[in-house]
Amino acid sequence: MAIEGTFEPVIEVEGLRTQFGDNIIHDNLDLVVRRNEIIGVVGGSGTGKSVLMRAIIGLKRPSAGTVRIFGENFYEKTPREQIEIERRWGVMFQGGALFSSLTVAQNVMAPINEHLKLPRGLAADIAAMKISMSGLPPDAGAKFPSELSGGMNKRAGLARALALDPEIVFLDEPTAGLDPIGAEKFDRLIVSLKESLGLTVFMVTHDLDTLHATCDRVAVLAEKRVIAIGALDEVRRSDHPWIQEYFSGPRGRAALSAKAIDGGPAEKD
Amino acid sequence: MQPAAYTVDVKDGLLRLVATGDWLARHLGPLDADLRNLEDDSVGRELIIDISNIGRIDTAGAMVLERVLQSCDRRTDLSKIVGATAAHQKLLQDVRPHLAPCEVEPAHRNAFLMMTNRLGKGVLEGYYVAIEILNFIGLTLTTLLRVLQDPKRLRVTSIVYHMEEAGIDAMPIVGLMSFMIGAVVAFMGAKILRLFNAEVFTVELVGISVLREFGVLLAAILVAGRSGSAFTASIGTMKIREEIDALRALGLDPIEVLVLPRTIALVVFMPILAFMAAIVGVIGGGVVAAAAMEISPAFFVGRLQETIAMSNFWVGLIKAPFFAFVIAIIGCYQGMEVEGSAESLGQRTTLSVVQSLFVVIILDAFFAMFFLEIDF
Ligand SMILES: Nc1ncnc2c1ncn2[C@@H]1O[C@H](COP(=O)(O)OP(=O)(O)OP(=O)(O)O)[C@@H](O)[C@H]1O
Ligand SMILES: [Mg+2]
C-alpha cells in the first residue's frame, strides 16, 4: 500500500502522438499519474479521452512518444510480460463491453478464473461481492448483459474492472447513464476503495459532481494535449476559454455551489 | 511476501483464529475448502479472529475473513475480528455489507425435464418458424407492392450495391466451382460410359446435368453460404445495436429499407449467376472431353445442339429466382430474429445457411417432379 503523500508516478506519458491515418488525435501530450490518486480527465467530445486511455492500456500503439506504466514500457514487452502487467489494472470501457454470451456473474468471474486459479465457490463469492459493491442487486448476477439496463451494464463493467483488486482502474465515463443516487454511491465507493486499497484511478468523466466529489487532480484535454493539470481549484483558475466555459457555465456553477453548501439543495439558475 | 495461513485453537470454549501472511486473492485458493469446513463446524460458537500479525490484505481476503466470522452465531458481541489496523478496519467495513452470495447462472431444472422440454420446444419451433417465414414472405411481398405503387421509394442505390456484393463478387468462385463440377461429371461419366462403348453420351450427360441441375444448384449453394449468411450477420448486428429500432422510430420500415433491396438484388442477379454457372460448367465438360477423350470441341458443340433440348436450359434458369428469393428471405428473417448476444448472432447465421440450403434442395425436388409431370 502506498504511503500517503508520496508522489510516486505510476503512469508516465511523454510526448505522446496518436493518429488514425492522417487524423492526429494527440500531439506531444504529457501526463503523469501518481500512485494512489484519483485523476479525472475532462475534455470536449471527440478530444481523444478514450483514445488516450486506450494508448495507456496498450490497445492503441502511439506513433511517437512513450507511455510508461508501473515504470515499464508496455509496448516493448513480450506478450507474457504484457499479461503480467495487464492483470495489475482493471478497465471499464465506455460502453460496458461485457461479454454478451456470459452472465454478469460469469463476466466478473472471467478475469478471476483466468488469472488466479481459485476454487469455483470462492471465485463466485468474490464475484458476488464485487457485484454487490458496484450497486447491483443480487439477482443481476444470473442475468445476461442484454437483459440489463444501460446503467446496470455500466455497473457490471465496473464490477468486472474491480474483480482482481487492481492497482489501477481505468474508468471511461463511469457515471454517465447512472441515476444521481447511484452516481453518488459510485463516487463514495471509488473514494473508499482508493483509501482502503491504495487504488489509483484514471477516470474519464464529464460529470462535474463526480469530479468535485472524487478527484484529487484534474487533467483537461484540448488542442491535442493536456492544457491544464492540477487540483480542481487550480485548474479552474486557468483562463483557457474552454476551461472557463466548462467550469463557469450554469452546470459548472450549480455543481460548485452544491458543494459549497455541503450537499444542501443546489439553487436553481 | 508470505502466502496466507491461519491456525485455530480453542480456549475456554472460545475459538481463536490467528491469521498470518498476505491474505490476497491469489493465495486464498488452498485455504478456501478448510475455511468452509471451519465455518460449518463453528456454527453457534464464539469465534475471535486475530489479524494483528497479518501482512497485506485485499477485498477477497477481507471478504473471506468476514464470511468466516458471520457464519458463526453472533448474538453476543464476543465474536469479532481483533488486531486490525485502521486501513484493515476500513476495508473490512467496506466489504461487510456485500457478503450475500448471488446466482452465477440462471437456475437449472431437472435434466430429464429439460431434455423433454427441449424436444417439445424444438418440434413446436419447427412449426412456428415455418409459419413465421411464411408471414415474413407475405410481409415482404406486401411491402414490395406498396413500394411499387410509388417506384421512387425503391432504393436503387442499395439494390445495385447488393447486386455487386452478392452477385458480381460471387462470379469468380461460382464460375470456378461450376467449371470443376462440369469437368468432374464429364470425366466420371466418360469412364463409365466407355465400358458400354457409349463415350459420346458424355455430351448428353454433361449437357443435361449441368444445364438442368448443377449450374443453378451450385450458384444457390454458394450464394446461400456467401450472401445469405452475410445478410443475417449484417441485419443481426444492426438488431443488436438497436439500429433496427432506430429505423422504426424514425418512421422508416426496416423491411423496405433492408429486406427489399437485398431480396430484389438477389432475385435479379441469381439467374445471371445460374446462366454463367451453366455455360462455364458445359465448357468444363467440353475441355475434359477434348483433353481426355477423342471428342473435339466442334463435335461436342454440334452434338450438344442436336441432342439437348432447349427446355433443359430453361428449367435451370426458371428455378434461379425462386432459390434466390428463398435464400434472401431466410437470411433476412434470421437476421431480424437475432437477440442481444454475439452468441445468438452466430447461431442465427448458422441457421440461416442450413435452412436456406435445406429449403433450396426441397424446392429443387419439387421442381423436378413438377417438370417431370408436365414433360418439360
Ligand atoms: N477507431 C477509430 N478510427 C478512426 N478514428 C477514431 C477511432 N476511434 C476514435 N477516433 C477519433 O478519435 C477522436 C477521439 O475519439 P475519442 O473516442 O477518444 O473521443 P472522446 O474524447 O472519448 O469523446 P467522448 O467524450 O464523446 O467519449 C475522434 O475524433 C474520433 O473520430
Ligand atoms: Mg470516449
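Counting restarts for each chain, with residues numbered from 1 along the sequence as it is written. Each chain is given a letter, starting from A, and each ligand a number, starting from 1, according to the order in which they appear as written. Per-residue local features of the predicted model are confined to residues with pLDDT of at least 70, and side-chain atom pairs are confined, for both listing and counting, to 80 or more; whole-chain, interface and lining totals are unaffected and use all residues. Excluding hydrogens and water, the side-chain figures rest on all heavy atoms present in the structure.

A.B. asks: What exactly am I supposed to notice about the overall build of chain A here?
C.D. replies: For helices the rule is a DSSP run of H or I covering at least 4 residues; for strands it is a run of E covering at least 2, with both sets numbered from the N terminus onward. Scanning chain A for helices and strands turns up 10 helices and 10 strands. Radius of gyration here uses only the C-alpha atoms, and the compact-globule reference equals 2.2 Å multiplied by the residue count raised to the power 0.38. Against the 2.2 N^0.38 benchmark of 18 Å for 269 residues, chain A shows a C-alpha radius of gyration of 19 Å, consistent with a compact globule. Principal-axis analysis of the C-alpha atoms gives chain A an extent of 55 × 50 × 40 Å. The proportion of buried residues among the 269 residues of chain A is 52%. By sequence separation, contacts in chain A at least 24 residues apart represent 65% of the contacts at least 6 residues apart. Here chain A displays about 12100 Å² of accessible surface, and carbon together with sulfur accounts for 50% of that area. Accessibility here uses a 1.4 Å probe with only protein chains present; expressed as a share of the type maximum, an area under 20% marks a residue as buried, one over 50% as exposed, and anything in between as partly exposed. Two residues form a contact once any of their heavy atoms are found within 4.5 Å. Here the Shrake-Rupley method, with its probe set to 1.4 Å, supplies the accessible areas, and only the displayed protein chains count as covering residues.

A.B. asks: It is not clear to me how the coordination of the magnesium ion (ligand 2) should be interpreted in this structure. Could you clarify?
C.D. replies: Distances define the donors: N, O and S atoms within 2.8 Å of the metal qualify, as do those within 3.2 Å of Na, K or Ca. Water is excluded, so some sites may look unfinished. The coordination sphere of the magnesium ion (ligand 2) contains the protein donors Ser 50 of chain A (OG) and Gln 94 of chain A (OE1), at a distance range of 1.9 to 2.4 Å. Remark: Gln 94 of chain A occurs in the loop between strand E6 (89-92) and helix H3 (104-115) and Ser 50 of chain A occurs in helix H1 (residues 49-56); sequence separation between them is 44 residues.

A.B. asks: Please clarify how the nonpolar core should be interpreted in this entry.
C.D. replies: What tends to happen in soluble globular proteins is that the nonpolar side chains get buried as a cluster. By nonpolar core we mean a set of buried residues, namely Ala, Val, Leu, Ile, Met, Phe, Trp, Tyr and Cys, connected to one another through side-chain atoms within 4.5 Å. If you look at the biggest cluster of nonpolar residues, it comprises 84 residues, and the most contacted ones within it are Ile 126 and Leu 171 of chain A together with Leu 17, Trp 23, Leu 35 and Ile 49 of chain B. For this core, the element with the most residues is helix H4 (residues 120-133) of chain A, which contributes 9 residues. Not counting residues up to four positions away in its chain, the partners in contact with Leu 17 of chain B are Tyr 6, Thr 7, Val 8, Leu 35, Leu 38, Leu 47, Ile 48, Ile 49, Asp 50 and Val 68 of chain B. Core analysis: the next-biggest nonpolar cluster, separate from the first, contains 70 residues, Val 223, Ile 235, Val 288 and Tyr 333 of chain B among them.

A.B. asks: Help me understand the domain arrangement of chain B, please; the structure alone is not making it clear to me.
C.D. replies: A common way to report how large an interface is uses the accessible area buried once the components associate. Here the bounds of each domain stem from an automatic or database domain assignment. Partitioning chain B into domains gives domain 1 (5-98) and domain 2 (151-373). Between the C-alpha centres of domain 1 of chain B and domain 2 of chain B the distance comes to 69 Å.

A.B. asks: In this structure, what is going on with the confidence of the model for chain B? I would like to understand it.
C.D. replies: Detail in the predicted coordinates should be disregarded across regions flagged by low pLDDT. All names here are of chain B. pLDDT is a residue-level measure of predictor confidence that goes from 0 to 100. Looking at chain B, the pLDDT average stands at 88 and 98% of residues meet or exceed 70. Between the elements of chain B, mean pLDDT differs from a low of 78, seen in strand E5 (residues 80-82), to a high of 94, seen in helix H11 (residues 310-336). Confidence estimates for the predicted assembly give a pTM of 0.75 and an ipTM of 0.75.

A.B. asks: When you look at the layout of surface pockets in this model, what are you seeing that I'm missing?
C.D. replies: Empty space left among the atoms is revealed by rolling a probe the size of a water molecule over them. What the largest pocket holds in volume is close to 880 Å³. Only protein atoms enter the 1 Å grid, on which a cavity is a set of points fitting a 1.4 Å probe that cannot get out and a pocket is an open set with protein on both sides within 12 Å along at least 5 of 7 lines, lining residues being those with an atom within 4 Å of a point. Lining of the largest pocket is provided by 21 residues; of these, Phe 144 of chain A together with Lys 121, Glu 343, Ser 344 and Gln 347 of chain B occupy positions nearest its centre. Looking at the lining of the largest pocket, the elements with two or more residues in it are helix H4 (111-149) and helix H12 (342-373) of chain B. Each residue receives one of three labels: charged for Asp, Glu, Lys and Arg, nonpolar for Ala, Val, Leu, Ile, Met, Phe, Trp, Tyr, Cys and Pro, and polar for the others, Gly being one of them. Class assignment for the residues of the lining of the largest pocket results in 4 nonpolar, 8 polar and 9 charged. Grid points are joined across faces, edges and corners, and a volume is the space filled by probe spheres set on the points.

A.B. asks: So what exactly am I meant to see when it comes to the site of ligand 1 here?
C.D. replies: All names here are of chain A. Residues are classed as near a molecule or strand on a simple rule: at least one heavy atom within 4 Å of it. Among the 13 residues in the neighbourhood of ligand 1, the closest are listed as Gly 46, Lys 49, Ser 50, Val 51 and Gln 94. Within the backbone of Gly 48, an N or O atom sits 3.0 Å from an oxygen atom of ligand 1. Counting of polar contacts relies on pairs of N or O atoms within 3.5 Å, with two restrictions inside protein: one atom must be capable of donating a hydrogen and the other of accepting it, and residues adjacent in sequence are counted only when both atoms are side-chain atoms. One of the side-chain nitrogen or oxygen atoms of Glu 173 is found 3.3 Å away from an oxygen atom of ligand 1. When isolated, ligand 1 has an accessible area of 640 Å², and the protein chains bury 59% of it. Looking at which element gives the most residues to the shell around ligand 1, the answer is H1, with 3 residues. Taken together, the residues that form the shell around ligand 1 break down as 3 nonpolar, 8 polar and 2 charged.

A.B. asks: Could you clarify how one ought to interpret the sheet that holds strand E10 (residues 225-230) of chain A in this entry?
C.D. replies: Sheet strands associate in pairs through backbone hydrogen bonding, adopting either a parallel or an antiparallel arrangement. Residues and elements named next belong to chain A. In short, DSSP must find at least two bridges between two strands for them to pair. The mixed open sheet is built from 6 strands, whose spatial order is E6-E7-E8-E3-E9-E10. Strands with a single pairing partner mark the edges of an open sheet, and in this sheet they are E6 and E10. Each strand axis lies, on average, 15° off the axis of its neighbour in the sheet, ignoring direction. Where strand E9 (residues 217-222) lies against E10, 5 bridges are found, and the strand directions are antiparallel. Within E10, the residue paired with Leu 221 across the bridge is Val 226. For helices, the fitted axis covers only the stretch in contact; all axes are lines through C-alpha atoms, and the angles between them, taken along N-to-C directions, range from 0 to 180 degrees.

A.B. asks: Could you clarify how one ought to interpret the interface of chain A and chain B in this entry?
C.D. replies: Across the contact, 34 residues belong to chain A and 31 residues belong to chain B. In total, about 2700 Å² of surface goes out of reach between chain A and chain B, with carbon and sulfur atoms giving 66% of it. A simple way to read buried area is as the amount of 1.4 Å-probe accessible surface that goes missing from two parts once joined, with both sides added. Of all residues in chain A, Leu 122, Asp 125 and Met 129 of chain A bury the most surface against chain B, accounting for 19% of the area lost on that side. Salt bridges are defined by distance alone: a side-chain nitrogen of Lys or Arg within 4 Å of a carboxyl oxygen of Asp or Glu. At the boundary of chain A with chain B, the tally comes to 2 salt bridges. Between Arg 36 of chain B and Asp 125 of chain A there is a salt bridge, and its shortest N-O distance comes to 2.9 Å. Scanning the region where chain A abuts chain B turns up 11 residue pairs in polar contact (both at pLDDT 80 or more). Breaking the side of chain A that touches chain B down by element, the ones donating at least two residues are H3, H4 and helix H6 (180-197) of chain A. Considering each element in turn, the side of chain A that touches chain B owes the most residues, 12 residues, to H4 of chain A. When grouped by side-chain class, the residues that make up the side of chain A that touches chain B number 18 nonpolar, 10 polar and 6 charged.

A.B. asks: Got a minute to help me understand the pairing of E9 of chain A in this structure?
C.D. replies: Along a regular strand, successive side chains alternate from one face of the sheet to the other. Residues and elements named next belong to chain A. Most of E9 is tucked away, with 6 of its 6 residues classed as buried. With burial as the criterion, each face of E9 is covered, one bearing Arg 217, Ala 219 and Leu 221 and the other bearing Val 218, Val 220 and Ala 222. Judged from the 5 bridges that link them, strand E3 (residues 38-43) and E9 form a sheet pairing that is parallel. What sits directly across from Gly 43, in E9, is Leu 221.

A.B. asks: Would you explain unusual backbone geometry in this entry?
C.D. replies: A negative phi angle is the norm for most residues apart from glycine, just as the trans form is the norm for most peptide bonds. In this structure, Glu 223 of chain A takes a positive phi of about 50° despite not being glycine. In the Ramachandran plot, Asn 197 of chain B falls in the positive-phi region, its phi being about 60° despite a non-glycine side chain. Within the secondary structure, Asn 197 of chain B is located in the loop between helix H6 (171-195) and helix H7 (202-240).

A.B. asks: It is not clear to me how the sheet that holds strand E5 (residues 72-73) of chain A should be interpreted in this structure. Could you clarify?
C.D. replies: Residues and elements named next belong to chain A. Judged by pairing direction, the sheet is antiparallel, and its 4 strands sit side by side in the order E2-E1-E4-E5 without closing on themselves. The sheet is open, and its two borders are formed by strand E2 (23-34) and E5, each paired with just one other strand. Across 2 bridges, strand E4 (residues 64-69) lies against E5 in antiparallel orientation. Bridged to Ile 69 within E5 is Glu 72. Sheet strands in contact with H1 are strand E1 (9-20), E2 and E4, and its direction is about 120° off that of E1.

A.B. asks: Please explain helix H5 (residues 150-161) of chain A as it appears in this structure.
C.D. replies: Along an α-helix, residues three or four positions apart point the same way, because every turn accommodates 3.6 residues. Residue and element names in this part refer to chain A. Here the expected span of a helix is defined as 1.5 Å times the quantity of residues minus one. Here H5 spans 17 Å end to end across 12 residues, near enough to the 16 Å set by a 1.5 Å rise per residue. Along H5, 10 of the 12 residues are buried, which leaves the element largely enclosed by surrounding structure. Within H5, the full set of buried residues consists of Gly 151, Asn 153, Lys 154, Arg 155, Ala 156, Gly 157, Leu 158, Ala 159, Arg 160 and Ala 161. Summarising the contacts, the buried residues of H5 are in contact with E6, H3, H4, strand E7 (168-172) and H6.

A.B. asks: Explain the domain arrangement of chain A to me, please; I cannot follow it from the model alone.
C.D. replies: Residues and elements named next belong to chain A. Partitioning chain A into structural domains gives domain 1 (1-88 + 171-269) and domain 2 (98-166). The C-alpha-based centres of domain 1 and domain 2 are spaced at 24 Å. Every contact between the two is made by 17 residues of domain 1 and, on the other side, 12 residues of domain 2. Buried surface at the junction of domain 1 and domain 2, both sides included, amounts to about 1100 Å², of which 68% is carbon and sulfur.

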